[in-house]
Amino acid sequence: MSGNAFSLKDIGDIQNDVLDEISQAGSLQVLEELRVRWLGRKGIVQDYLKNLGTLSKEERPVAGKVINELKDAVKTALEVSANGFQASETIRRLNDEKIDITLPGVRRNFGRIHPITKAMASILEIFIELGFSVKEGPEIETEYYNFEALNIPENHPARDMQDTFYVNGGWVLRTHTSPIQIRVMENNPPPLRFIAPGKAFRSDPPDASHTPMFHQVEGLFVDEGVHFGHLKYILDVFAKKMFGEKVRLRFRPSFFPFTEPSAEVDISCIICKGKGCRVCSRTGWLEILGAGMVDPEVFKAVDIDSERYTGFAFGMGIERIAMLKYGINDIRLFFENDKRFLDQF
Ligand SMILES: [Zn+2]
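On a predicted model such as this, the values are computed, not experimentally measured, just so you know. Note that residues are indexed from 1 along each chain, following the sequence as it is written. Selection of residues for local features in this predicted model requires a pLDDT of at least 70, selection of side-chain atom pairs for listing and counting requires 80 or more, and totals for whole chains, interfaces and linings are taken over all residues. The side-chain quantities take in all heavy atoms of the structure and omit both hydrogens and water.

Consecutive side chains along a regular strand alternate between the two faces of the sheet. Counting buried positions along strand β8 (residues 259–268) yields 8 of 10 residues, so the element is predominantly enclosed. In this description, strands pair whenever DSSP reports at least two bridges between them. Secondary structure elements are taken from DSSP: a helix is a run of H or I of four residues or more, a strand is a run of E of two residues or more, and numbering for both begins at the N terminus. Looking at chain direction, strand β7 (residues 249–256) and β8 are connected through 7 bridges and run antiparallel. Note on β8: the bridge partner recorded for Arg250 is Asp266. If you look at the hairpin formed by β7 and β8, you'll find 2 residues sitting between the two strands. With 8 bridges joining them, β8 and strand β9 (residues 285–294) adopt antiparallel strand pairing. Within the sheet, the bridge partner assigned to Ile267 lies in β9 and is Leu286. Between buried and exposed lies partly exposed: a residue is buried under 20% and exposed over 50% of the maximum accessible area for its type, with that area taken using a 1.4 Å probe on protein chains only.

Laid out in structure tokens, this is it:
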């Protein structure tokens with residue numbers, strides 16, 4: 001196939017040669033080179049077609065047909081070979097990517113129950129076993145339910161702007177869960193035995209033991225003949241179930257506007273068993289809650305006859321209980337959402 005002269009017989013030989021070459025090509029790149037050489041704009045087939053003019057009128061159509069057949073045959077052979085290379089390339093890549101089942105897996109991040117929720121659930125479970133029901137109430141309260149009905153008068157320090165988040169129009173973010181007691185007593189005659197868990201809010205600057213939002217559980221027991229002994233028994237059962245059978249309770253006289261008499265309640269230190277350590281400030285005791293007998297003024301506000309009925313109430317901070325139970329020394333850890341901390345529970 002040198003120069004312009006060619007014969008139909010030459011083309012037949014050439015076709016066999018080029019198809020051989022294609023079948024032996026070692027890569028897609030070689031196939032591409034063959035395609036350019038044969039079928040490209042300046043390729044051999046194009047050259048043949050240009051030279052058709054040198055043939056006689058009779059030879060021309062036959063030669064044209066043979067050249068086109070050559071072109072089709074080369075084109076098909078190139079495509080078939082290229083497909084073969086692509087398929088084996090895909091197989092090779094799949095092999096490279098195949099899953100090695102001996103490698104460690106990617107660990108999924110499962111959620112966990114927050115330590116506050118966990119502590120809350122343990123507390124509720126204990127009181128539910130003791131026959132208490134669970135009541136809830138709104139987090140945004142009127143000043144009446146948050147203060148007045150609980151015998152906290154206008155000039156009481158607890159109503160100070162510094163402690164309370166005031167909302168427009170006589171509403172506050174409840175500073176404790178005690179308003180739930182009032183709401184339940186207003187709508188239900190004694191006997192009453194319930195606990196009221198929930199969030200409370202105070203505008204304290206955050207430190208190791210204060211956050212502007214925290215959780216409380218309050219309890220209320222109202223019936224005929226309820227006395228301080230019942231309160232001590234219930235709290236003793238609670239403390240032992242929560243912190244262990246060896247825990248002892250101590251009641252210290254205190255003051256709350258809505259109970260009379262009132263007490264701060266301590267448990268014997270669960271770290272040093274009462275010997276005195278850093279956690280209990282060397283006292284051997286840890287304060288866990290406040291309690292007392294419901295003040296007759298509170299019964300008056302909800303129209304319960306305080307001559308006939310008596311009751312006790314108690315309230316505790318869930319964070320405080322959780323900190324003691326799980327050995328946490330800074331309340332802010334509960335709310336920083338640090339997974340390294342939360343994963344420990
Ligand atoms: Zn201690």
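A few words on helix α7 (residues 179–187). Those residues of α7 that fall on the buried side of the exposure criterion are Pro179, Ile180, Gln181, Ile182, Val184 and Met185. In what follows, a contact means two residues having at least one pair of non-hydrogen atoms within 4.5 Å. Turning to α7, the residues buried within the fold contact β2 (140–142), α6 (143–146), β5 (192–201), β6 (213–223), α9 (296–301) and β10 (310–317).

An order of β2-β4-β3 is seen for the 3 strands of this open sheet, with the pairing classed as antiparallel. The open sheet has two free edges, formed respectively by β2 and β3 (166–167), since each of these has just one partner strand. Note: β3 against strand β4 (residues 171–173), 2 bridges, orientation antiparallel. Its bridge partner being in β4, Val167 is matched across the sheet by Trp171.

Right, let's get into the environment of Tyr233. With respect to the helices and strands, the residue Tyr233 is situated in helix α8 (residues 228–243). Classification of Tyr233 by relative accessible area gives exposed; the value is 52%. In this structure the C-alpha to C-alpha distance between Tyr233 and Glu89, which are 144 residues apart in sequence, comes to 79 Å.

A word on the coordination of the zinc ion. With distances of 2.2 to 2.3 Å, the protein atoms coordinating the zinc ion are Cys269 (SG), Cys272 (SG), Cys277 (SG) and Cys280 (SG). Water is absent from the atoms considered, so a metal site may look incomplete; donors are defined as N, O and S atoms within 2.8 Å of the metal, or 3.2 Å for Na, K and Ca. The motif formed by the donor residues of the zinc ion, counted along the single chain, is C-x2-C-x4-C-x2-C. For the residue pair Cys272 and Cys280, the accessibility class agrees, reading buried in each case.

A separate point is the packing of aromatic side chains. Any aromatic ring pair is given by two values, namely how distant the centres are and how the planes are angled relative to each other. Pairing of aromatic rings covers Phe, Tyr and Trp, the last counted by its six-membered ring, and requires centre-to-centre distances within 6.5 Å; plane angles under 30 degrees mean stacked, over 60 mean edge-to-face, and any other angle means tilted. Applying the stated criterion to the full structure yields 14 aromatic pairs. Ring pairing ties together the aromatic residues Phe127, Phe132, Phe221, Phe238, Phe312 and Phe314, which thus form one cluster. Directly above the ring of Tyr145 sits Arg183, whose terminal nitrogen or CZ lies 4.1 Å from the centroid. Here, a charge over a ring is recorded when the distance from Lys NZ or Arg CZ to the ring centre is within 6 Å and its angle to the ring normal is within 35 degrees.

Next up on the list: the environment of Pro189. Relative to the elements of secondary structure, Pro189 occurs in the loop between α7 and β5. On the basis of relative accessible area, Pro189 is assigned to the exposed category, the value being 65%. With 169 residues separating them along the chain, Pro189 and Asp20 place their C-alpha atoms 103 Å apart.

Moving on, we come to the sheet that holds β5. Neighbouring strands of a sheet are bound in pairs by backbone hydrogen bonds; such pairs are parallel or else antiparallel. The 7 strands lie next to each other as β1-β5-β6-β10-β9-β8-β7, forming an open sheet whose pairing is mixed. Edge positions in the sheet fall to β1 (133–134) and β7, since each of these pairs with one other strand and no more. Where β1 lies against β5, 2 bridges are found, and the strand directions are parallel. Residue pairing in the sheet places Val134 in a bridge with Ile195 of β5. Axis definition: a line fitted to C-alpha atoms, over the contacting stretch in the case of helices. Angles run 0 to 180 degrees between N-to-C directions. The sheet contacts of α7 involve β5, β6 and β10, and relative to β5 the element is tilted by about 140°.

Here we come to the domain arrangement of the protein chain. Boundary definitions for the domains trace back to an automatic or database domain assignment. Here the protein chain is described as being made up of domain 1 (8–97) and domain 2 (115–342). Computed over C-alpha atoms only, the centres of domain 1 and domain 2 are separated by 90 Å.

A separate point is the packing of helix α5 (residues 115–129) against helix α10 (residues 318–326). One way to put it is that α5 packs onto α10 with a least axis distance of 9 Å and a crossing angle of 95°. Overall, the two elements α5 and α10 adopt an arrangement that is roughly perpendicular. Taken together, the residues of α10 that come into contact with α5 (itself represented by Pro115, Ile116, Lys118, Ala119, Met120 and Ile123) are Ile318, Glu319, Ile321, Ala322 and Tyr326. When residues are grouped by polarity, Ala, Val, Leu, Ile, Met, Phe, Trp, Tyr, Cys and Pro land in nonpolar, Asp, Glu, Lys and Arg in charged, and all others, Gly among them, in polar. Here the residues of the contact of α5 with α10 are counted per class, giving 9 nonpolar, no polar and 2 charged. Note that the term roughly parallel is reserved for angles under 35 degrees, roughly antiparallel for angles over 145, roughly perpendicular for angles of 65 to 115, and oblique for everything else.

Moving on, we get to the pattern of salt bridges. Pairing is possible between side chains that carry opposite charge, provided their charged atoms lie close to one another. For this analysis, a salt bridge means a side-chain nitrogen from Lys or Arg found within 4 Å of a carboxyl oxygen belonging to Asp or Glu. The tally for this structure, following the rule as stated, stands at 17 salt bridges. Residue Lys65 is joined to Glu69 by a salt bridge in which the shortest nitrogen-to-oxygen separation is 3.6 Å. Taken together, the residues Lys65 and Glu69, both in helix α4 (residues 59–97) and 4 residues apart, mark about one turn of the helix. The exposure class assigned to Glu69 is partly exposed, which follows from its relative accessible area of 43%. A single salt-bridge network, built from bridges that share partners, covers Arg250, Arg252, Asp266 and Glu287.

Turning our eyes to something else, we now look at the nonpolar core. Nonpolar core, defined: a set of buried Ala, Val, Leu, Ile, Met, Phe, Trp, Tyr and Cys residues in which side-chain atoms within 4.5 Å join the residues together. The biggest cluster of nonpolar side chains holds 48 residues, and the ones touching the most others in it are Ile123, Phe127, Phe238, Phe243, Leu289, Phe314 and Met316. Looking at this core, the elements that each hand over two or more residues are α5, β6, α8, β8, β9, β10, α10 and α11 (339–342). If you tally residues by element for this core, the top one is α8, at 8 residues. Beyond its immediate sequence surroundings of up to four residues, Met316 is in contact with Ile123, Phe127, His215, Gln216, Val217, Phe238, Ile288, Leu289 and Ile321. If you look at the next biggest cluster of nonpolar residues, it comprises 24 residues, including Leu150, Val294, Phe299 and Ala313.

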